[in-house]
Number of protein chains: 2
Amino acid sequence: MNFKELQKVKIEQIEHILKESLPKVQGEQNIIVEAMEYSLLAGGKRIRPMLMQETYRMFQGEQEELLHLFMAAMEMIHTYSLVHDDLPAMDDDEYRRGRKTTHIVYGEDMGILAGDALLNYAFETAASAFEKFPQESLKIGKAIQILGKKAGIFGMIGGQVVDVQSTGKQISGETLEFIYRLKTGALIEASMMIGAVLAGAGTEEISGMEKIAQKIGMAFQIQDDILDVTSTTQVLGKPVKSDEKNEKMTYVVWKGLDKAKEEVEELSREAIKELRKYHPKDTYLEELLESLIYREK
Amino acid sequence: MNFKELQKVKIEQIEHILKESLPKVQGEQNIIVEAMEYSLLAGGKRIRPMLMQETYRMFQGEQEELLHLFMAAMEMIHTYSLVHDDLPAMDDDEYRRGRKTTHIVYGEDMGILAGDALLNYAFETAASAFEKFPQESLKIGKAIQILGKKAGIFGMIGGQVVDVQSTGKQISGETLEFIYRLKTGALIEASMMIGAVLAGAGTEEISGMEKIAQKIGMAFQIQDDILDVTSTTQVLGKPVKSDEKNEKMTYVVWKGLDKAKEEVEELSREAIKELRKYHPKDTYLEELLESLIYREK
């Protein structure tokens, strides 16, 4: 199988894991599980669970079932953040990836509750690992700590807060980097770190993954800014030049298009170089990173 | 010290624990910590952490510091649920306990994010126990599992979902009981269960606490319905007869005032009788339960 075929298979596997991760409730609260499923199974690149899985594999982890609990938990946290981000009081988006957003389909109250439920269920899912793998409780504890920290006010939520506060304001390049590092970067860092932790990697390796993931997250986000300027609406599936129209501070606005492209290349090159220290010949992971960064949409 | 004096001291201790539990951020995301603190330190009876603490003491737990992490986590979860409940798309409340609600002070977007941040930080706080008490990781894992389950769709959120769906509709007494058991009861159950788990109690004892807490939670909630009919606005600090005005289904509407009062007495008597099996002479805990149930407001 070539890279594209392999990636497709892996995404299908992740979709299956996500589907299986949700509870099968037969009760009065059924509607919330429906709303959780609607948002969790809305497609997407599944970058976070995929990076977690590949990092786990790189460090020769062998308990797939344990890993799957955390892959699902991670994607639930990412999904809840999108559901809440789309709410009228936040970005007020009616569509995401061509589908109606959760609060449009289920109502604003259920949108809030479905987000809460996904966040809570992420930790429930991760914590269920204690029962299933009691002999791994130290690893599980460490992984839950990372998940909490990188999703919280020192991670993703912290980035969202500053992003919300910056809307419609002139912000500095430093603030922009802060937002990117936390809002997008933190969960990518957590994904690779947790993959390493669960596979039994050591402290140095875990912090190595954190640094690599930081570069990947930043490159990914800068590429987003670049595509808004260089792509077409047809390819991107959403309006281009929207940042300019909204007078939004972006990496391209800050440093210019050429410098932004250079930065993506440098970050990407550094990330791959660092990765090779841990696993010299992991061509799938390298191709994955390049496909994530140098993407067309 | 008599009961009232002792209770006052204990509440002050809990306030201190909560205050210490919040992060001291010096960064761009400061505002979110302010909003978390505003809602977490807004007073209240602190029923959940107090029941956790007393259950812990009853089972001779001796690691106060470990307990405190979970007391704080529990109150954070309770608080986030209030912050989200007050949002315009939910109950749309501008005041709670005589203070402006979080979204009124900080804006609706920050209200959503502060709730998310409190829920996330609850799990972060609980998970920080792994680092501080690595030798207790099995207990900690079990406690986090209970916290997640009782706060989620099979617990508090499940109750909220059905409550939101029932608004303005005729519901059955059974649905009312379902809502009370999950929305109010689940966190009270979790509080006593976690107190027992952390103190090293056995499976039978933990499930005993769950059953006792279920009765306490139900009695507490029925008393709420009774007070709405029998109290005065001055004593209660909020409008009385509001349930009747809103044509809301309550236990009093369902069974009548006398039967509701009987039910509270029976539940309370049963709970205390059960408790005495575990600790024959815990007068503080008994007085606490009675003061929580037979309260004036």
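Calculation criteria
Residues numbered from 1 in each chain as written. Chains lettered and ligands numbered in written order. Predicted model: local features only at pLDDT ≥ 70, side-chain atom pairs only at ≥ 80, totals over all residues. Heavy atoms only, no water. Helix = DSSP H or I, 4+ residues; strand = E, 2+ residues; numbered from the N terminus. Rg over C-alpha atoms; globule rule 2.2 N^0.38 Å. Contact = heavy atoms within 4.5 Å. Areas by Shrake-Rupley, 256 points an atom, 1.4 Å probe, with all protein chains shown as cover. Lys, Arg positive; Asp, Glu negative; His and termini not counted. Charge placed at Lys NZ, Arg CZ, Asp CG, Glu CD. Buried < 20%, exposed > 50% of the residue type's maximum accessible area, 1.4 Å probe, protein only. Patch = residues over 30% accessible without salt bridge, like charges linked within 9 Å, V, L, I, M, F, W, Y side chains within 5 Å. Salt bridge = Lys/Arg side-chain N within 4 Å of Asp/Glu carboxyl O. Buried area = accessible area lost by both parts, 1.4 Å probe. Polar contact = N/O pair within 3.5 Å; in protein donor to acceptor, adjacent residues only side chain to side chain. Least-squares fit on C-alpha atoms with pLDDT ≥ 70 in both. Phe/Tyr/Trp six-rings, centres within 6.5 Å; stacked < 30°, edge-to-face > 60°. Lys NZ or Arg CZ within 6 Å of the ring centre and 35° of its normal. pLDDT = per-residue confidence, 0-100. Axes fitted to C-alpha atoms, helices over the stretch in contact; angles between N-to-C directions. Parallel < 35°, antiparallel > 145°, perpendicular 65-115°, else oblique. Nonpolar A, V, L, I, M, F, W, Y, C, P; charged D, E, K, R; others polar. Core = buried A, V, L, I, M, F, W, Y, C linked by side-chain atoms within 4.5 Å. 1 Å grid on protein atoms, 1.4 Å probe; cavity = no way out; pocket = protein on both sides within 12 Å on 5 of 7 lines; lining within 4 Å. Points joined across faces, edges and corners; volume = space filled by probe spheres on them.

Let us now look at the overall build of chain A. Across its full length, chain A carries 15 helices and two strands. Taking 297 residues into account, the globule formula puts the C-alpha radius of gyration at 19 Å, and chain A, at 19 Å, falls close to it. Expressed along its principal axes, the backbone C-alpha trace of chain A runs to roughly 50 × 50 × 40 Å. For chain A, contacts bridging at least 24 residues in sequence account for 72% of all contacts bridging at least 6. For chain A, the computed accessible surface area is about 12900 Å², with 48% contributed by carbon and sulfur atoms. Charge separation in chain A, taken as the distance between the mean sites of 37 positive and 49 negative side-chain charges, equals 3 Å.

In this section: helix H2 (residues 30–40) of chain B. All of the buried residues along H2(B) are B:Ile32, B:Val33, B:Ala35, B:Met36, B:Tyr38, B:Ser39 and B:Leu40. Looking at the buried side of H2(B), the elements it contacts are helix H8 (156–166) of chain A together with helix H1 (3–21), helix H4 (64–85), strand S2 (99–100), helix H5 (102–106) and helix H6 (108–132) of chain B.

Attention shifts here to a positive patch on the surface. Side chains of A:Lys45, A:Arg97, A:Lys238, A:Lys248 and A:Lys297 sit close together on the surface and give a patch of like positive charge. Its place among the elements puts A:Lys248 in the loop between helix H12 (242–245) and helix H13 (251–255).

With 51 residues of chain A at the contact, the number on the chain B side is 51 residues. Between chain A and chain B, the buried area comes to about 4300 Å², and carbon and sulfur atoms account for 71% of it. Along the contact surface separating chain A from chain B lie eleven residue pairs in polar contact (both at pLDDT 80 or more). Elements that contribute at least two residues to the side of chain A that touches chain B include exactly helix H2 (30–40), helix H4 (64–85), helix H6 (108–132), helix H7 (137–151), H8 and helix H9 (173–198) of chain A.

Okay, the relation of the copies chain A and chain B next. In the superposition of chain A on chain B (RMSD 0.0 Å, axial shift 0.0 Å), the rotation amounts to 180 degrees. On this basis, the relationship between the two copies can be described by a two-fold rotation axis. Here 100% of the interface residues in chain A have copies in chain B that are interface residues too; the copies meet face to matching face.

Below, the discussion takes up the side chain of A:Arg48. Residue and element names in this part refer to chain A. On the secondary structure map, Arg48 appears in helix H3 (residues 47–58). Although Arg48 is buried, it forms no salt bridge, and the closest oppositely charged side chain is Glu75 at an N-O distance of 5.0 Å. Side-chain polar atoms of Arg48 contact the side chain of His78, separated by 3.3 Å. The residues touching Arg48, leaving out its near neighbours within four places in the chain, are Met74, Glu75, His78, Leu187, Ile188 and Ser191.

Before going further, it helps to spend a moment on the packing of aromatic side chains. Under the criterion given, the structure shown has ten aromatic pairs over all chains. Seen from their ring centres, A:Phe130 and B:Phe130 are 5.4 Å apart, and the 20 degrees between their planes marks the pair as stacked. Of this pair, A:Phe130 sits in helix H6 while B:Phe130 sits in helix H6, placing the two residues on different chains. The exposure class of B:Phe130 is buried, given its relative accessible area of 6%. With a centroid separation of 5.2 Å and an interplanar angle of 40 degrees, the aromatic rings of B:Phe3 and B:Tyr284 are classed as tilted. Here the residue B:Phe3 occupies a position in helix H1, and B:Tyr284 occupies one in helix H15 (residues 283–293), the gap between them amounting to 281 residues. The ring of A:Tyr284 carries the charged tip of A:Lys10 above its face, separated from the ring centre by 4.3 Å. In this arrangement the basic side chain of B:Arg99 is found over the ring face of B:Tyr38, its NZ or CZ atom lying 3.9 Å from the centre.

As a further point, take the confidence of the model for chain A. Parts of the prediction with low pLDDT should not have their coordinates interpreted in detail. Summing up the model confidence of chain A, the mean pLDDT is 94 and the portion of residues at 70 or higher is 100%. For this predicted complex, the interface confidence comes out at an ipTM of 0.96, alongside a pTM of 0.96.

Turning to the pattern of salt bridges, a few remarks are in order. Residues and elements named next belong to chain B. Per the stated rule, a full pass over the model turns up 32 salt bridges over all chains. In this structure, the salt-bridge partner of Glu54 is Lys10, at a minimum N-O distance of 2.7 Å. Here Glu54 is found in helix H3 (residues 47–58), whereas its partner Lys10 is found in helix H1, with 44 residues between them in sequence. Across the pair, exposure class does not vary: Glu54 and Lys10 are buried alike. The salt bridge partner of Asp86 is Arg96, with a shortest N-O separation of 2.9 Å. Of this pair, Asp86 sits in the loop between H4 and strand S1 (95–96) while Arg96 is found in strand S1, placing the two residues ten residues apart along the sequence. In this structure Asp86 comes out as buried when scored by relative accessible area, which is 4%.

Take the packing of H4(B) against helix H7 (residues 137–151) of chain B next. Residue and element names in this part refer to chain B. Contact geometry of H4 with H7 gives a least axis separation of 12 Å together with a crossing angle of 10 degrees. With respect to H7, the element H4 is oriented roughly parallel. Mapping the contact onto sequence places Leu66, Phe70, Ala73, Met74 and Ile77 in H4 and Ile140, Ala143, Ile144, Leu147 and Ala151 in H7. For the contact of H4 with H7, the class distribution of residues is ten nonpolar, no polar and no charged.

Looking now at the side chain of A:Asp86. Of the polar contacts made by the side chain of A:Asp86, one reaches the side chain of A:Arg96; its length is 2.9 Å. Residues within four places of A:Asp86 in sequence aside, it is in contact with A:Asp92, A:Asp93, A:Arg96, A:Thr101 and A:His103.

A few words on a negative patch on the surface. Residues A:Asp258, A:Glu262, A:Glu265 and A:Glu266 make up a contiguous surface patch of negative charge. Judged by its relative accessible area of 38%, A:Glu266 falls in the partly exposed class.

Attention now moves to the environment of B:Glu270. All names here are of chain B. Relative to the helices and strands, Glu270 resides in helix H14 (residues 257–278). For the pair Glu270 and Tyr284, spaced 14 residues apart in sequence, the C-alpha to C-alpha distance is 17 Å. Within the structure, Glu270 has its side chain in polar contact with the side chain of Lys215 (distance 3.1 Å).

Counting residues in each nonpolar core, the largest one holds 170 residues, and the members touching the most others are A:Ile32, A:Phe70, A:Ile77, B:Ile32, B:Phe70 and B:Ile77. Residues within four places of B:Ile77 in sequence aside, it is in contact with B:Leu119, B:Ala122, B:Phe123, B:Leu147, B:Ala151, B:Met156 and B:Leu187.

This part is about the environment of B:Ser81. Residue and element names in this part refer to chain B. Mapped onto the fold, Ser81 is located in helix H4. For Ser81, a relative accessible area of 5% gives the class buried. Once the C-alpha coordinates of Ser81 and Leu119 are considered, the two residues, 38 residues apart in sequence, prove to be 8.4 Å apart. What Ser81 contacts, discounting residues up to four positions off in sequence, is Met156 and Gln160. Within the structure, the side chain of Ser81 is placed 2.7 Å from the backbone oxygen of His78, a separation counted as a polar contact.

The subject of this paragraph is empty space enclosed by the protein. Tallied over the full model, the rule gives four cavities of 30 Å³ or more. In this structure, the largest cavity spans a volume of roughly 180 Å³. Contributing to the lining of the largest cavity are 18 residues, with A:Ser39, A:Ala42, A:Arg96, A:Arg97 and A:Thr102 lying nearest its centre. Broken down by secondary-structure element, the contributors of at least two residues to the lining of the largest cavity are H2, H4 and strand S2 (99–100) of chain A. By residue number, the principal contributor to the lining of the largest cavity is H4(A), which donates five residues. Across the lining of the largest cavity, the residue classes tally to five nonpolar, six polar and seven charged. Estimated volume of the second largest cavity: approximately 130 Å³. If you go around the second largest cavity, you meet 13 residues; those closest to its centre are B:Ser39, B:Ala42, B:Asp86, B:Arg96 and B:Thr102. Elements with a contribution of two residues or more to the lining of the second largest cavity: H2, H4 and S2 of chain B.

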